[in-house]
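# Inside the fold
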Amino acid sequence: MSTGRGGMPTMGDFADRGERGSGRGSRGAGGAAGAAGEDRAVGTGRRFAQLVGIARRHGLLPLRRLDFSRDPATAERRAVQADELRRALEEAGGAFVKMGQLFSTRNDLLPDEWTTALARLQREVAPAPFEEVRALVERELAAPLDHVFREFDVEPVAAASIAQVHRAVLPDGRVVAVKVQRPGVEPSVRRDVAIALRVAHTLVHGSTVARDLGMHRIAEQYAADLLRQLDFRLESTNLTALRATMLAGPRADEVVLPELHDELSTRRVLVLEYLEGETVGHRMSRASTGVDGPDRDSALGDAAVDSAMRAVMRAFVRQVVIDGVYHADLHPGNVMILPDGRPALVDFGSVGRLDRRLRETAQEVVVAYLASDSQQFADALLSLVELGPRADEREFRRELATFLSYELGPGARLDVRTADALVAILSKHGLNVPPDLVAAGRGFAILDGTLRTTVPAFDVLAEARVLAGEMVRDQLQPSQLRTMIATEALGMLPSMRRIPRRAERISRDLEDGRLTVNIRLQSTARDRRVVVAVVRQVVLVLVAVVIGLVALGYLTAAPPSSPGVLSPAAVGVGGAIVSGVLLIVAAVDALRARRR
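Residues numbered from 1 in each chain as written. Predicted model: local features only at pLDDT ≥ 70, side-chain atom pairs only at ≥ 80, totals over all residues. Heavy atoms only, no water.

What follows covers unusual backbone geometry. Most peptide bonds take the trans configuration, and most residues that are not glycine carry a negative phi. Following leucine 61, the chain continues into proline 62 via a peptide bond in cis, with omega recorded as -5°. In this fold, proline 62 is placed in the loop between helix H3 (44-57) and helix H4 (75-92). Not every positive phi belongs to a glycine, and alanine 142 is a case in point at roughly 55°. Relative to the elements of secondary structure, alanine 142 occurs in the loop between helix H7 (130-141) and helix H8 (145-148). (Helix = DSSP H or I, 4+ residues; strand = E, 2+ residues; numbered from the N terminus.)

Another point: the nonpolar core. With 63 residues, the main nonpolar core has Leu345, Phe396 and Leu447 as its most contacted residues. By residue number, the principal contributor to this core is helix H14 (residues 302-323), which donates twelve residues. Leu51, Phe68, Leu118 and Leu121 belong to the second largest nonpolar core, which has 33 residues in total. (Core = buried A, V, L, I, M, F, W, Y, C linked by side-chain atoms within 4.5 Å. Buried < 20%, exposed > 50% of the residue type's maximum accessible area, 1.4 Å probe, protein only.)

Mapped onto the elements, isoleucine 547 comes out in helix H22 (residues 525-556). Under the relative-accessibility criterion, isoleucine 547 is labelled partly exposed at 25%. C-alpha of isoleucine 547 to C-alpha of serine 579: the two residues are 32 residues apart in sequence and 5.7 Å apart in space. Each residue touching isoleucine 547, except ones within four places of it in the same chain, is listed here: Gly575, Val578, Ser579 and Leu582. (Contact = heavy atoms within 4.5 Å.)

So, on to the sheet that holds strand E6 (residues 278-279). Pairing is antiparallel across the open sheet formed by three strands, whose spatial order is E6-E8-E9. Two strands bound the open sheet, and with one partner strand each, they are E6 and strand E9 (343-345). Judged from the three bridges that link them, strand E8 (residues 335-337) and E9 form a sheet pairing that is antiparallel. Within the sheet, the bridge partner assigned to isoleucine 337 lies in E9 and is proline 343. (Pairing = 2+ DSSP bridges.)

Attention shifts here to the packing of H14 against helix H19 (residues 435-454). Any two packed helices are characterised by the angle at which their axes cross and by the distance between the axes. The geometry of H14 relative to H19 is characterised by a closest axis approach of 11 Å and an angle of 175° between their N-to-C directions. When the axis of H14 is compared with that of H19, the two are roughly antiparallel. Contacts from Met309, Val312, Met313, Phe316 and Val320 in H14 reach Ala440, Gly443, Phe444, Leu447, Thr450, Leu451 and Thr454 in H19. Taken together, the residues of the contact of H14 with H19 break down into nine nonpolar, three polar and no charged. (Axes fitted to C-alpha atoms, helices over the stretch in contact; angles between N-to-C directions. Parallel < 35°, antiparallel > 145°, perpendicular 65-115°, else oblique. Nonpolar A, V, L, I, M, F, W, Y, C, P; charged D, E, K, R; others polar.)

Our focus in this paragraph is the environment of phenylalanine 68. As for its placement among the helices and strands, phenylalanine 68 is situated in the loop between H3 and H4. A residue is classified by how much of its surface remains accessible, and phenylalanine 68, at 7% relative accessible area, is buried. Sequence-wise, phenylalanine 68 and glutamate 113 are 45 residues apart; in three dimensions their C-alpha atoms are separated by 9.2 Å.

Moving on, we come to a nonpolar patch on the surface. On the surface, Val541, Val545, Leu549, Leu552 and Leu583 cluster together into a nonpolar patch covering about 420 Å² of accessible area. Element by element, the count of residues in the nonpolar patch is highest for H22, at four residues. Note that valine 545 resides in helix H22. (Patch = residues over 30% accessible without salt bridge, like charges linked within 9 Å, V, L, I, M, F, W, Y side chains within 5 Å. Areas by Shrake-Rupley, 256 points an atom, 1.4 Å probe, with all protein chains shown as cover. Salt bridge = Lys/Arg side-chain N within 4 Å of Asp/Glu carboxyl O.)

Attention now moves to H7. Under the 1.5 Å per step criterion, the end-to-end length of H7 is 16 Å for twelve residues, consistent within 8% with the ideal 16 Å. Turning to H7, its buried residues number three or more, namely Phe130, Val133, Leu136, Val137, Glu140 and Leu141. On an axial view of H7, the arc spanned by its buried residues comes to 125°, and they lie on one face. Facing away from the buried side of H7 by over 90 degrees, the exposed positions are Glu131 and Arg139. Against H8, strand E1 (151-152), strand E3 (163-169), strand E4 (175-181) and strand E5 (269-273) lie the buried residues of H7. In the segment just after H7, alanine 142 is the residue with positive phi, at about 55°. (Expected span 1.5 Å × (residues − 1). Arc of directions from axis to C-beta.)

Our next topic: the pairing of E3. Burial within E3 is extensive, with six of its seven residues counted as buried. Direction of pairing for E1 relative to E3: antiparallel, over a ladder of two bridges. Counterpart to phenylalanine 152 in the pairing with E3 is alanine 168. By the bridge criterion, two bridges tie strand E2 (residues 158-159) to E3 in an arrangement that is antiparallel. Along E3, the bridge assignment pairs alanine 158 with valine 165. Connecting E2 to the next strand, E3, in antiparallel fashion are three residues. In this structure, E3 lies alongside E4, joined through seven bridges in antiparallel fashion. Bridge pairing in E4 links valine 169 to valine 175. Between the antiparallel neighbours E3 and E4 lie five residues, among them glycine 173 with a positive phi of about 95°.

Below, the structure written as structure tokens:
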């Protein structure tokens, strides 16, 4: 097994999101993947029968026998079942090993016995024959291998079920990592994913616990993610977007993203800067097995991991709230720690995006969270989507306040169920939350799972509060303010240029008697709120104006010849104060109505 300088696992550790494991065995994924060429010829029906046989040999059938509860009394049975599932997945190989690895990070969904067993799944598989790899690379790059690279290592630094990574040197001397899709892997992955989804749905029908966990929805999410990984062009586009937004930010060098060699990247070949370091997942694996345990004096000590994960957390919050492009799958295998202690992100097959409107809503939500203001939190959501026609806004706001207190309050632990709880509240009241916003919440939950497994003492919500405060201060820096003002001005420019033409058109129509105004009242709940707000504001302004005029009359009146209880000046001052207060109330009401 190749290593980087200093004997440290290298960039190859993230091939197909996998880091190197124990290197065990001919029996498991390595043996199965080694027979990939033979396996491709197996049809779906025959493959399904093969998988059923594997499941029977490992005592996994019928599926309803599997225990996904957290009952301490059945912990031993769960441990046995989980270990047998791990062995079965290794024997099945391919996409099944990959999906098992993904589920191993979901301790928010699965009991510890299951995640512990799945975490031991082999990450390293037998590499594809080099001649097949050479032929694929030359076909994709339309050139002989030695014309593109000065050096190209025959043995991959890492190999996984979908891709393997080779170290290479460009003609100019730069060292790169060449991620190559396993030849002919796409048909077998698509077949295995379809079978895995059938198994997940069967499991949900046979297990109440699996149904309550929504395991079929999670499986569908991972299946779609796995299929997207088959096209490396998506990964190169994602990396380019992340690097562009990261480099434009105030902390560009805090988290490292590998440089992309786009001219050498295709659908099945991806050429990146070669980074030396160790994935957090690999470090955890070494620590748990006691094999080559981490050196306390090295840069990979606990303090370095803590610092690196804080930087990753800061980067993720900024990506979601400010940049709108974020890494959506920050599990332990996708975070590396470089020799200088800085974190690096790898594997960009799953990257989410938020448009400007969603980012602005996310910013309002963050500000509301920092201020513990459930009213502002609700206002931010209602600015994006409106309540259903029969929804009770007061009840919605009360449930949202309870959610903030219990799910996001002090001592709370964020996981996928937190996002699901929020979605349940919104769905109950007829709010259709944009899927992109839900995906961002799930990405945050995945990062939270990584933080809880790598740095158990890490309080994600408390840290998020601190990091959000830092982010706000970053945005208030003069350079950032100039950029923000310039962006806003650029966005307003088209509308400002249209104002003279529109004003001329309105004045011409008014002069010719053709000006009409169409108002459709009370068509929706939002319309009704707008009408009520406008009427309220108009009444307040009119009353304020009338009182102000009366007060002005008293203030300018001549003093009376005989003193009374109240002088005209006193009445005028009092009326002016009342008029001013009413105008302020109308202005505040208008601002609040505009935010809604």
